[in-house]
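Structure at a glance
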Amino acid sequence: MTLALGAFTEWVQAKGGEILSPTNEWEILRYQTSENHVGIIWQNKKGLHTFSERVKSDYPVFVREAGLAPTEKTERLLGAVKRKQKSRLLDRDGATCCYCGQFFDDPPTIEHFHSIAGHGNNHDDNCALACQPCNLVMGSLPVVTKIHRRDQIREAMLDHAPWEYFDARSLFNGVGIVALEVQS
Ligand SMILES: [Zn+2]
């Protein structure tokens, strides 16, 4: 994907960010977000770009919101980055969902505690593996709400014998709590 610098600059400003003056010749964009985070894009002599951590978080959100299609190469690179991160998180936390605590029956997803849309980042510190249903249930809720839901899911599971089939994730839909379905 070629860098859409002009459109990205406009997007930063539309989000309440401020464009700052570059501090050296390599900087092609320096900005400050409304939360006072600074993002920088550098360009070297060969025209290659380097992104600061802030830009690495912001640019994918911009791409998604602007509806730009990432190229196949970008997709492949992003896929490799994701696979590496998943294996790191698997080593760190084990093969269970960070919310419901169940083993993954399907490939796990990467959960961002502070959502990317809410200006969270991709650092491992902000990420953990979650099953697909939990990831959907949590969405981009505030972290406190996510923790509260996790506790409710785990508590509900304790009320059921291990041999009973009970999917505590069904406690929630995308909006909030739905009726607790007791199976006997
Ligand atoms: Zn889960």
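Here's what I pulled together on the structure shown here. (Residues numbered from 1 in each chain as written. Predicted model: local features only at pLDDT ≥ 70, side-chain atom pairs only at ≥ 80, totals over all residues.)

A look at the nonpolar core
Counted only if it meets this: Residues enter a nonpolar core if they are buried, belong to Ala, Val, Leu, Ile, Met, Phe, Trp, Tyr or Cys, and are joined to the set through C-beta atoms within 7 Å. Partly exposed residues are those falling between the two cut-offs: more than 12 but fewer than 20 other C-beta atoms within 10 Å of their own, whereas 20 or more means buried and 12 or fewer means exposed, with C-beta atoms placed from the backbone. The secondary structure listing takes helices from DSSP runs of H or I that are at least 4 residues long and strands from runs of E that are at least 2 residues long, numbered from the N terminus.
Residues Cys 97, Cys 98, Tyr 99, Cys 100, Leu 129, Ala 130, Cys 131, Cys 134, Val 137, Met 138 and Ile 153 constitute the largest nonpolar core, which totals eleven residues. When residues of this core are assigned to their parent elements, the largest contribution, three residues, is made by helix α4 (residues 132-138). Ranked by size, the runner-up nonpolar core spans seven residues in total, among them Phe 8, Tyr 31, Ile 40 and Val 55.

With respect to helix α5 (residues 143-158)
It helps to recall that an α-helix has 3.6 residues per turn; residues three or four apart then point in one direction. Formally: What a helix should span is 1.5 Å times the count of its residues minus one. By construction, the arc corresponds to the directions joining the helix axis to the C-beta atoms.
Taking 1.5 Å of rise per residue, the 16 residues of α5 would be expected to cover 22 Å, and the 23 Å separating its terminal C-alpha atoms lies within 8% of that figure. All buried positions along α5 are accounted for by Lys 146, Arg 149 and Ile 153. What you see down the axis of α5 is that its buried residues fit within an arc of 65 degrees, all on one side. Along α5, exposed side chains directed more than 90 degrees from the buried face belong to Val 144, His 148, Asp 151, Glu 155 and Leu 158.

Digging into the sheet that holds strand β2 (residues 27-32)
Strands pair in a sheet through their backbones, by hydrogen bonds, and they do so in one of two ways: parallel or antiparallel. Test applied: A pair of strands is considered paired only if DSSP assigns at least 2 bridges between the two. Helix axes are fitted only over the stretch in contact, all axes being lines through C-alpha atoms; the angle between N-to-C directions runs from 0 to 180 degrees.
Reading across from one edge, β1-β2-β3-β4 is the order of the four strands in this open sheet, with antiparallel pairing throughout. Each edge of the sheet is formed by a strand with only one pairing partner; in this case those strands are β1 (18-20) and β4 (49-51). Adjacent strand axes in the sheet meet at a mean angle of 20 degrees when their direction is disregarded. Here β2 runs beside strand β3 (residues 38-43); their pairing, made up of five bridges, is antiparallel.

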